[in-house]
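# Observations on the model geometry
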Amino acid sequence: MVDLEKAPPARSPEGEPVPRADGEGCLVVAVRLPVRIVALVLVLPVRMAWDALVVAGRFLRDTVLRPVGRALAWLGRALFVWPLVGLWRYVVVPVAKGVGWLGNVLLVVPAVWVYRWVLTPVGRALAWCCAGVGAVLTALGRGLYAGLAWLGNVLLVVPAVWVYRWVLTPIGHLLAWCGRGLARCGRGVLWCLGKVVTGIGAVLYWTLRILLVLPALAVWRWVLAPVGRALAVVGRELLDALGHAWRIAGHLSRAVGRALAALFRWTVAEPARWVYRSVLTPVGHAVRDTVLRPLAEAARAAGRAGRQALRSARLSVRQARADLRRTLFGEPERTPSVDRREPSGAKARTLGSSTTALTKD
């Protein structure tokens, strides 16, 4: 909570007030309390509206946006992803494999054969011919280069060296001597001009310093700096007041929200729960025990009776069909059944005994 009470100033043992350690003066103390009160009054509705919007947004996100987003995601997968995956897996990939195999058979294998047995021998023959022609051209080029180098040396290099040594060098020495003299004269002129410019610069410097710099420095030091410090104190106090007001408004908004939640719980949720537990649940159990269960038992008994009647009707129809077949076509011939589980030795003994009995007869 905001401390609205002004702390008493600390005093020395002699009874004199001691300045505060953080350097806050009377301006800070005079501005802090009204600024914090005004900030609390202005920020409290904003913070309560913000908390209400946050709660509404979370409820909307949990109850509407998230289920709708999941449904849209499933619908998007069902409409786009799964058809595309099936198309890629069962259409594009087999077609691509078939096209790749066909391209390999129709293009790559013939191209490799042509490269290996046609282009490679032709290229080697052309390379051998080009190597011979290149050797001939290299020999001709070397001879031509040697002739042109000798001709250029005779016609260009020797005359140029003579002109440089006997014409350009003396003229250059003469021009260098003249340039040194002119440089000495220029340095003297520049020294004089430098002195004149230095004097003019000193005069202008002190004129500008007296007319502009010193007044501006005085305005900065005695006007702008104190005003800036005061504005900085006011701004800092405004920011601190807004921070305190925002936190206090948060506590108040949370308390109001808890009070509204408790009011809703005790006026709506708890009565609804009591009605559900004390009224609807016993009524539902009674309806289930007195109405639904007997109806279910009667329905199951009727179902069993119906199934029994259908089974009896099927057996009667089957027996009548068998009697009709027997009347029309007579008794079917029955083949003697053989016990396949009897061992072979026992079967042989049985056959032998039957044969002996027939012989005696």
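Across its full length, the protein chain holds two helices and zero strands. When each of the 361 residues of the protein chain is scored for burial, the buried share is 6%. Here the analysis covers contacts within the protein chain between residues at least 6 apart in sequence; of these, 66% occur between residues at least 24 apart. Carbon and sulfur atoms make up 72% of the accessible area of the protein chain, which totals about 30,700 Å².

A word on the confidence of the model for the protein chain. Overall, the prediction assigns the protein chain a mean pLDDT of 82, with 83% of residues at 70 or greater. Of the regions scoring below 50 in pLDDT, residues 342-348 engages in two contacts with residues more than four places distant in sequence or in other chains.

This next bit is on the pattern of salt bridges. Think of it this way: side chains of opposite charge can pair up when their charged atoms draw near. Inspection of the entire model under this criterion finds eight salt bridges. The partner of Arg 288 in a salt bridge is Asp 289, with the nearest N and O atoms 3.4 Å apart. In this structure Arg 288 comes out as partly exposed when scored by relative accessible area, which is 33%. The partner of Arg 293 in a salt bridge is Asp 289, with the nearest N and O atoms 3.2 Å apart. Linking Arg 293 with Asp 289, this pair stays in helix α1 (residues 26-329), spanning four residues, or about one helical turn. Given the relative accessible area of 47%, Arg 293 is considered partly exposed. A single salt-bridge network, built from bridges that share partners, covers Arg 61, Asp 62 and Arg 66.

The rules behind the values
Residues numbered from 1 in each chain as written. Predicted model: local features only at pLDDT ≥ 70, side-chain atom pairs only at ≥ 80, totals over all residues. Heavy atoms only, no water. Helix = DSSP H or I, 4+ residues; strand = E, 2+ residues; numbered from the N terminus. Buried < 20%, exposed > 50% of the residue type's maximum accessible area, 1.4 Å probe, protein only. Contact = heavy atoms within 4.5 Å. Areas by Shrake-Rupley, 256 points an atom, 1.4 Å probe, with all protein chains shown as cover. pLDDT = per-residue confidence, 0-100. Salt bridge = Lys/Arg side-chain N within 4 Å of Asp/Glu carboxyl O.

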